[in-house]
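Read off the chains here:
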Amino acid sequence: MSTTTWTVTGMTCEHCVASVTEELSELPGVENVAVTLETGTVQVTSAGPLSREQVGAAVTEAGYELA
Ligand SMILES: [Cu+2]
């Protein structure tokens with residue numbers, strides 16, 4: 001199990017949180033996604049480590065950017 005905290009720029013409301021959570025949840029092995037809107041951070045727990053490219057692509061897909 002691997003847990004990594006990423007910083008995402010551009011999230012402003014619960015809709016943003018839902019979009020990012022949905023896209024990140026689709027990555028292989030992801031078991032939990034916890035977004036903290038106040039700090040713009042996303043904690044992703046997955047079966048194995050995820051690359052910055054994978055996470056970045058999912059965040060971009062949602063319409064935001066990895067810091
Ligand atoms: Cu929003």
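All of these numbers come straight from a predicted model, not from anything done at the bench.

**Quick notes on the nonpolar core**
One finds L24, V42, V55 and Y64 to be the most contacted residues of the largest nonpolar core, which totals 18 residues. For this core, the secondary structure elements donating two or more residues are β1 (2-9), α1 (14-25), β2 (30-36), β3 (41-46) and α2 (52-62). Counting residues per element, this core draws most heavily on α2, at 4 residues.

**Here we look at the side chain of S2**
The residue S2 is located in strand β1 in this model. Judged by relative accessible area, S2 falls into the buried class, the value being 16%. Those residues in contact with S2 that lie beyond four places of it in its chain are V44, T45, S46, A47, G48 and P49.

**Considering α2**
Taken as a whole, α2 has its buried residues at V55, G56, A58, V59 and A62. Down the axis of α2, the buried set is contained in an arc of 165 degrees. They therefore lie on one face. Residues E53, T60 and E61 are exposed on α2 and point more than 90 degrees away from its buried face. Phi turns positive, to about 105 degrees, at G63, one or two residues after α2.

**Some thoughts on the pairing of β1**
Where β1 meets β3, 6 bridges bridge the pair, whose relative direction is antiparallel. What sits directly across from T3, in β3, is T45. Pairing of β1 with strand β4 (residues 65-66), which is carried by 2 bridges, proceeds in the antiparallel orientation. Note that in β4 the partner of V8 across the bridge is L66.

**Some points on the sheet that holds β2**
On the basis of which strands lie adjacent, the open sheet formed by 4 strands has the order β2-β3-β1-β4 and antiparallel pairing. Single-partner strands in this sheet number two, and they are β2 and β4. α1 contacts β2 and β3 of the sheet and is inclined by roughly 160 degrees relative to β2.

About the thresholds
Residues numbered from 1 in each chain as written. Predicted model: local features only at pLDDT ≥ 70, side-chain atom pairs only at ≥ 80, totals over all residues. Heavy atoms only, no water. Core = buried A, V, L, I, M, F, W, Y, C linked by side-chain atoms within 4.5 Å. Buried < 20%, exposed > 50% of the residue type's maximum accessible area, 1.4 Å probe, protein only. Helix = DSSP H or I, 4+ residues; strand = E, 2+ residues; numbered from the N terminus. Contact = heavy atoms within 4.5 Å. Arc of directions from axis to C-beta. Pairing = 2+ DSSP bridges. Axes fitted to C-alpha atoms, helices over the stretch in contact; angles between N-to-C directions.

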